[in-house]
Amino acid sequence: MNQTLEQLKEYLHKMRQYDHVLTLLSWDLSTLTPEKGVETRMSVIKFFSTEAFRLSTADEYGEMLKTLSEPEQFHTLDEPMQLTVKRYLRDYERFKRVPEEFYASYTEVKTRSERAWEKAKRAADFSQFAPHLEKVISMTKEYVHYMEPESGNLSGKNCAAEGTGSSENASRRDSYDVLLDMYEEGIDSATIDRVFGELKEGLLPLLKKIEESGRPDLSALEGTYDIEAQKKAQDMLLSYIGFDKDAGATAESEHPFTTDLCIGDVRLTNHYNESDPISAMFSAIHEGGHAIFGQNIDPAYRDTALEQVNMMGLHESQSRFYENILGRRRSFWVPIYEKLGELLPQFKEIPLDTFCCAVNDVHPSMIRTEADEVTYCLHIILRYELEKAIFRDDVPVDKLSQLWNDKMEELLGVRPQNDAEGILQDMHWSDGSFGYFPSYLLGSMYDGMFLEALEKEMGSVDTILEEGRIREITAWLNRKIHRYGSRYTSAEVLQRVCGKELSAQPLLDYFYKKYAQR
């Protein structure tokens, strides 16, 4: 028996317990904590975050990882444990450079920032949030520098246009590229610039063509929809696509999200609007895709690095595959539209074709989460360009709201009337999740490639959906992607499932096939 390996497994299990507590506390803070309990909850989160950080930077933990990474030991490990040792040693060496006091302060600042964002959004007032955002940005830059001391603010020209940049810059990574890699291992801004550029070039003429065709009359959907009935519709949709209610739970929050406590406990939230039931429906389908991924990871990966899927582009590909590739097809709704009408009686009077026109109505809009699948791409490009401006050009926080509005007008032809429908609409920056936004669009590009592979193997998706066999598609995704957790990087998954490298063309082909003939 390898004593060091057994000690490491025991230590990883202990670390996972702390992660579980922290995740549960954060879930509670976002969903159930009353206002007068917020300060206490944030204090508890700070305490457990600090304790978890100590475990992840302890000398004994580092020694176990280093011992098992030695060739004579490493080659005796199975592949999941090899990947665990490799990834956790990398993380250990990064986090070991971060001062404990700084990490505790950074955690507290982000937690307070999230609460400030919620209040500022409700008030539609960016000035309430700006001081918190400024501090989060500053500390995120400092955090990256601690983890990778050689990282820095390289020029956009050197980093983005030239890829590796000059020989001087080639020896160190741009700080924004470090953040991108943290959310999608192996990705950098040079790759993103290339594929986003390909997509943008292909989308603009298509959007012009769609705009010329005019918009459908959707007045039949106007009305007030009972929130409790919307929740029942959510439950029906989640069950239909394959969400396991015995391994998950649902709640409400200001911004929908999914939380993986463990393989047998994956939770999602939703946000409801009495005048817009479609928004909650598609948030449910989207978050359900995330949850199905988390619920179907091989249990053998529990307490290893493979259980935690940090390739967010891959994770977003699954949520957006259900939401867009499947959920916006007429064939998706054919078997369940009558049931939807039973839960939300107004839909008994709304023809299925009218409903489908509504969920595929392509037009520029303010809110990313409510955008159609085509213009959504431009919402992400906007955020990507702003993040580069923050980390490459040091754009002052007090200029961000106007810059956001200007880019909305430039890319989408609309201008926010207030901060709630502008820079305050997303929660991501409040908790320091810079580098996350590109993963949404990367996920959509992966989806174009997965769709090609799925139909090549299983035949027409429309036929499968019309016959109510969506669980067969879920099983295909379970088999090809979900069960492996983070065993493979996104690039490796694309090769295994599609036999190709990342390209924007399959997504463009999907868009043109669906919309060019309208």
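This one's a predicted model, so the numbers in the text were calculated from it and none came from an experiment. (Residues numbered from 1 in each chain as written. Predicted model: local features only at pLDDT ≥ 70, side-chain atom pairs only at ≥ 80, totals over all residues. Heavy atoms only, no water.)

Residue Asp 303 is not a glycine yet carries a positive backbone phi of 65°. Structurally, Asp 303 can be placed in the loop between helix 13 (277–295) and helix 14 (312–326). A positive phi is found at Asp 394, a non-glycine position, where the angle reads about 50°. Residue placement: Asp 394 occurs in the loop between helix 18 (376–392) and helix 19 (400–412). (Helix = DSSP H or I, 4+ residues; strand = E, 2+ residues; numbered from the N terminus.)

What follows concerns the packing of helix 13 against helix 17 (residues 352–359). As a packed pair, helix 13 and helix 17 sit with axes 11 Å apart at the nearest point and diverge in direction by 75°. Relative to helix 17, helix 13 is oriented roughly perpendicular. Judged by residue contacts, Ile 278, Met 281 and Phe 282 of helix 13 engage Phe 355, Ala 358 and Val 359 from helix 17. Tallied by class, the residues present in the contact of helix 13 with helix 17 amount to 6 nonpolar, no polar and no charged. (Axes fitted to C-alpha atoms, helices over the stretch in contact; angles between N-to-C directions. Parallel < 35°, antiparallel > 145°, perpendicular 65-115°, else oblique. Contact = heavy atoms within 4.5 Å. Nonpolar A, V, L, I, M, F, W, Y, C, P; charged D, E, K, R; others polar.)

One ladder, built from 4 bridges, connects strand 2 (residues 258–262) with strand 3 (residues 265–270); its direction is antiparallel. What sits directly across from Thr 259, in strand 3, is Arg 267. Counted between consecutive antiparallel strands, the loop separating strand 2 from strand 3 contains 2 residues. (Pairing = 2+ DSSP bridges.)

When helix 23 (residues 490–498) is considered as a whole, its buried residues turn out to be Ser 490, Val 493, Leu 494, Val 497 and Cys 498. Summarising the axial view, the buried residues of helix 23 lie within an arc of 100°, below the 170-degree limit, and thus occupy one face. Where helix 23 is buried, its residues meet helix 14, helix 20 (437–458) and helix 22 (470–480). Just downstream of helix 23 lies Gly 499, where phi reads positive at about 70°. (Buried < 20%, exposed > 50% of the residue type's maximum accessible area, 1.4 Å probe, protein only. Arc of directions from axis to C-beta.)

Attention shifts here to the sheet that holds strand 2. A sheet is described by the order of its strands in space; here 3 strands give the open sequence 1-3-2, paired in mixed fashion. Across the chains shown, the open sheet's two edge strands, defined by having one partner strand only, are strand 1 (248–252) and strand 2. Between one strand axis and the next, the sheet turns by 20° as a mean value, whatever way the strands run. As defined by bridge partners, strand 1 adjoins strand 3 across 5 bridges and the pair is classed as parallel.

This paragraph deals with helix 7 (residues 126–147). In this model helix 7 runs 30 Å from its N-terminal to its C-terminal C-alpha over 22 residues, within 8% of the 32 Å that 1.5 Å per residue would give. Of all bends in helix 7, the biggest is about 25°, found at His 132. Within the span of helix 7, buried status applies to Phe 126, Phe 129, Ala 130, Leu 133, Val 136, Ile 137, Met 139, Thr 140, Tyr 143, Val 144 and Met 147. On its buried side, helix 7 packs onto helix 5 (79–96), helix 6 (100–123), helix 10 (175–183), helix 18 and helix 19. (Expected span 1.5 Å × (residues − 1). Bend = angle between axes of the 7 residues up to and from the residue.)

The geometry of helix 18 relative to helix 19 is characterised by a closest axis approach of 10 Å and an angle of 145° between their N-to-C directions. As for the relative orientation of helix 18 and helix 19, their crossing is right-handed in sense. Contact residues: helix 18 offers Leu 378, His 379, Ile 381, Leu 382, Arg 383, Glu 385, Leu 386, Ala 389 and Ile 390, while helix 19 offers Leu 400, Leu 403, Trp 404, Lys 407, Met 408, Leu 411 and Leu 412. Considering only residue class, the contact of helix 18 with helix 19 consists of 12 nonpolar, 1 polar and 3 charged. (Left-handed = near helix turned anticlockwise from the far one by under 90°.)

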